[in-house]
Amino acid sequence: MCRHSLLVSTVFDLALVTRARAGVDVQRHATQEKSVRPLSLSGHVGFDGLPHQLVNKSTCQGFCFNILCIGETGIGKSTLMNTLFNTNFESCESSHFEPKVKLSAKTYDLQEGNVRLKLTIVNTVGFGDQMNKQQSYQHIVDYIDTQFESYLQEELKIKRSLHNYHDSRIHACLYFIAPSGHSLKSLDLVTMKKLDSKVNIIPVIAKADTISKSELQKFKLKIMSELVSNGVQIYQFPTDDETVSSINSAMNGILPFAVVGSTEEVKIGNKMVKARQYPWGVVQVENESHCDFVKLREMLIGVNMEDLREQTHTQHYELYRRCKLEEMGFKDTDPESKPVSLQETYEFKRQEFQGELQRREEEMRQSFVQRVKEKEMELKEKERELQSRFEQLKRLHQEEKGKLEEKRQSLEDEVNVFSNKKAAAELLQGQTFNSSNSNLKKDKDRKNSGFM
Ligand SMILES: Nc1nc2c(ncn2[C@@H]2O[C@H](COP(=O)(O)OP(=O)(O)OP(=O)(O)O)[C@@H](O)[C@H]2O)c(=O)[nH]1
Ligand SMILES: [Mg+2]
């Protein structure tokens with residue numbers, strides 16, 4: 001379908017939706033429209049201007065485009081972005097010691113003619129630098145999914161504002177391959193495999209000026225055969241639009257693009273051109289016999305930017321949305337392939353949820369009753385134990401008391417015996433004292449009488 005007819009079909013889709021809102025049976029009318037041949041109008045009515053209206057509206061709104069650059073540290077990501085957009089985006093050198101891959105996104109407002117572009121460049125900081133590379137791709141996958149999730153959440157809102165929503169979904173992923181001339185690294189294959197259903201991957205051979213012409217051709221073939229044998233799906237430039245099909249199919253044949261980046265300008269003849277200067281010569285970035293930079297720029301920005309945006313929405317986001325909604329239990333058809341409306345699914349889910357809730361409530365109630373019973377039995381058992389312990393202590397106490405009583409009695413008896421003995425002794429002592437006193441008196445008297 002050519003781009004023009006695509007725009008027109010979008011406009012007609014919009015018209016159908018508008019009528020659906022007005023309560024018209026869209027299905028019936030759409031079928032009728034199909035069977036009716038277009039009538040040729042005898043005068044100018046004006047709807048042939050719809051595509052222009054659409055173009056004007058889009059131009060006023062501006063466009064947004066988001067690029068993800070995946071490649072190891074220092075492979076030339078920032079330089080290529082600067083060269084592609086002929087500007088100097090702020091960037092700082094990353095260290096090779098990041099503990100994990102970080103994604104850093106920066107958005108720029110660009111303008112060319114009267115077209116405004118909100119460009120977001122997302123960089124993978126620290127990619128390929130960790131000893132354990134197993135999780136390197138996971139942070140990238142998570143980042144892409146998070147952007148899809150934000151869009152889905154906006155779409156699911158009652159009050160949506162998609163027209164001024166900043167769409168952060170990744171439209172193109174430039175995958176930078178190291179110019180080893182050898183083969184892809186396992187990290188490259190694993191990462192691309194994990195991402196190919198989520199994003200449009202465009203592989204590029206970075207720093208292609210460091211590889212010879214013959215080696216480059218062999219390297220390109222090797223990369224493509226490795227991608228095919230590992231089932232990695234890279235983005236294919238569309239060939240269904242006849243205005244661009246020949247260039248796009250030719251470009252599909254020379255992937256991956258071998259690129260050179262530079263913001264340095266060198267004088268060639270009487271022109272200043274972007275180039276990299278070496279002791280042995282100059283590599284001109286925009287010279288097609290030196291590298292594929294121009295082809296990449298043309299394919300990425302000039303010809304297929306809109307297709308990349310569209311593929312992101314209709315293919316990758318759609319897949320994410322479908323999986324997410326299915327995960328939540330929404331389906332288009334029931335097990336007998338009969339269509340199910342969203343409301344029916346919602347009602348079914350609500351009932352399922354309420355059933356589940358009741359079941360859980362009952363389960364909790366039962367377990368509560370059971371626990372109370374168990375606790376009651378436990379407490380009774382404890383009470384019994386305490387009672388028997390109390391009885392035992394009481395018995396012991398009685399026994400002790402009896403023994404003490406016995407002891408007290410015997411002590412009392414002893415005290416009585418002792419008191420009796422003491423009294424007898426005192427009596428005896430008294431008597432002895434009296435008799436000795438009277439003897440002394442007699443002696444004294446006798447003495448006294450002797451003297452006289
Ligand atoms: N030979 C050659 N060198 C390049 C090319 N592109 C960039 N460089 C050089 O490679 C070095 C790193 O380039 P950057 O663009 O900063 O690389 P980066 O991938 O953005 O690096 P980080 O953001 O730190 O990961 C710089 O010295 C660039 O001049 C290229 O195409 N060929
Ligand atoms: Mg950089």
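Everything that follows concerns the structure shown earlier in this document.
It should be emphasised that the depicted structure is a prediction, and the values quoted were computed from it without experimental measurement. (Residues numbered from 1 in each chain as written. Chains lettered and ligands numbered in written order. Predicted model: local features only at pLDDT ≥ 70, side-chain atom pairs only at ≥ 80, totals over all residues. Heavy atoms only, no water.)

Draft legend 1. Molecular detail of the pattern of salt bridges. Applying the stated criterion across every chain, the model contains 27 salt bridges. Linked by salt bridges that have partners in common, K220, E288, D292 and K295 make up one network. (Salt bridge = Lys/Arg side-chain N within 4 Å of Asp/Glu carboxyl O.)

Draft legend 2. Spatial organisation of the site of ligand 1. Around ligand 1, a shell composed of 16 residues is seen, among which S78, T79, S94, D209 and G261 lie nearest. Separating an oxygen atom of ligand 1 from a backbone N or O atom of G261 is a distance of 2.9 Å. Surface burial for ligand 1 is 77%, taken as the share of its 650 Å² of free accessible area covered by protein chains. Where the shell around ligand 1 is concerned, the elements lending two or more residues are helix 4 (77-84) and strand 8 (271-278). The residue makeup of the shell around ligand 1, split by class, is three nonpolar, eight polar and five charged. (Near = heavy atom within 4 Å. Polar contact = N/O pair within 3.5 Å; in protein donor to acceptor, adjacent residues only side chain to side chain. Areas by Shrake-Rupley, 256 points an atom, 1.4 Å probe, with all protein chains shown as cover. Helix = DSSP H or I, 4+ residues; strand = E, 2+ residues; numbered from the N terminus. Nonpolar A, V, L, I, M, F, W, Y, C, P; charged D, E, K, R; others polar.)

Draft legend 3. Focus on the sheet that holds strand 9 (residues 281-284). Reading across the sheet, the three strands line up as 7-8-9 and stay open at both edges, with antiparallel pairing between neighbours. Each edge of the open sheet carries a strand with a single partner, namely strand 7 (265-268) and strand 9. Taken over all neighbouring pairs, the strand axes of this sheet differ in orientation by 65 degrees on average, direction set aside. Across four bridges, the pairing between strand 7 and strand 8 is antiparallel. Bridge pairing in strand 8 places K267 opposite M272. (Pairing = 2+ DSSP bridges. Axes fitted to C-alpha atoms, helices over the stretch in contact; angles between N-to-C directions.)

Draft legend 4. Seen up close, helix 6 (residues 186-195). Taken together, the buried positions of helix 6 are L187, D188, L189, T191, M192 and L195. Tucked into the core, helix 6 has its buried residues touching strand 1 (63-70), helix 5 (136-156), strand 4 (172-177), strand 5 (201-205) and helix 7 (213-229). (Buried < 20%, exposed > 50% of the residue type's maximum accessible area, 1.4 Å probe, protein only. Contact = heavy atoms within 4.5 Å.)

Draft legend 5. Quick peek at the pairing of strand 1. With respect to burial, strand 1 is a largely interior element, seven of its eight residues being buried. Both strand 1 and strand 3 (residues 115-125) contribute to a ladder of seven bridges, which runs parallel. The partner of C69 across the bridge, within strand 3, is N123.

Draft legend 6. The nonpolar core, seen in detail. In terms of nonpolar packing, the biggest core is built from 76 residues, with L174, F257, L296 and L300 touching the most fellow members. At eight residues, helix 5 tops the list of elements feeding residues into this core. Residues contacting L300, with those up to four places away along its chain left out, are F65, I67, L84, A172, L174, I202, M305 and L308. (Core = buried A, V, L, I, M, F, W, Y, C linked by side-chain atoms within 4.5 Å.)

Draft legend 7. Main features of the side chain of T59. Relative to the assigned elements, T59 resides in helix 3 (residues 50-61). Those residues in contact with T59, other than ones at most four positions away along the chain, are N114, V115 and R116.

Draft legend 8. Representation of a nonpolar patch on the surface. Taken together, L41, V45 and F47 make up a surface patch of nonpolar side chains, about 330 Å² in accessible area. Looking at the element boundaries, V45 is found in the loop between helix 2 (26-35) and helix 3. Overall, V45 belongs to the exposed group, its relative accessible area being 60%. (Patch = residues over 30% accessible without salt bridge, like charges linked within 9 Å, V, L, I, M, F, W, Y side chains within 5 Å.)

Draft legend 9. Structural view of the sheet that holds strand 2 (residues 102-112). Ordered by their spatial adjacency, six strands build an open sheet running 2-3-1-4-5-6, and the pairing between neighbours is mixed. Either end of the sheet is taken by a strand with one partner, and the two such strands are strand 2 and strand 6 (257-258). Sheet analysis places strand 4 next to strand 5, joined by five bridges and oriented parallel. Bridge pairing in strand 5 places F176 opposite V204. In the packing of helix 4 onto the sheet, contacts are made with strand 1, strand 3 and strand 4, and the angle to strand 4 comes to roughly 130 degrees. Those strands touched by helix 5 are strand 1, strand 2 and strand 3, and its axis lies near 50 degrees from that of strand 2.

Just geometry here; none of it tells us what the structure is for.
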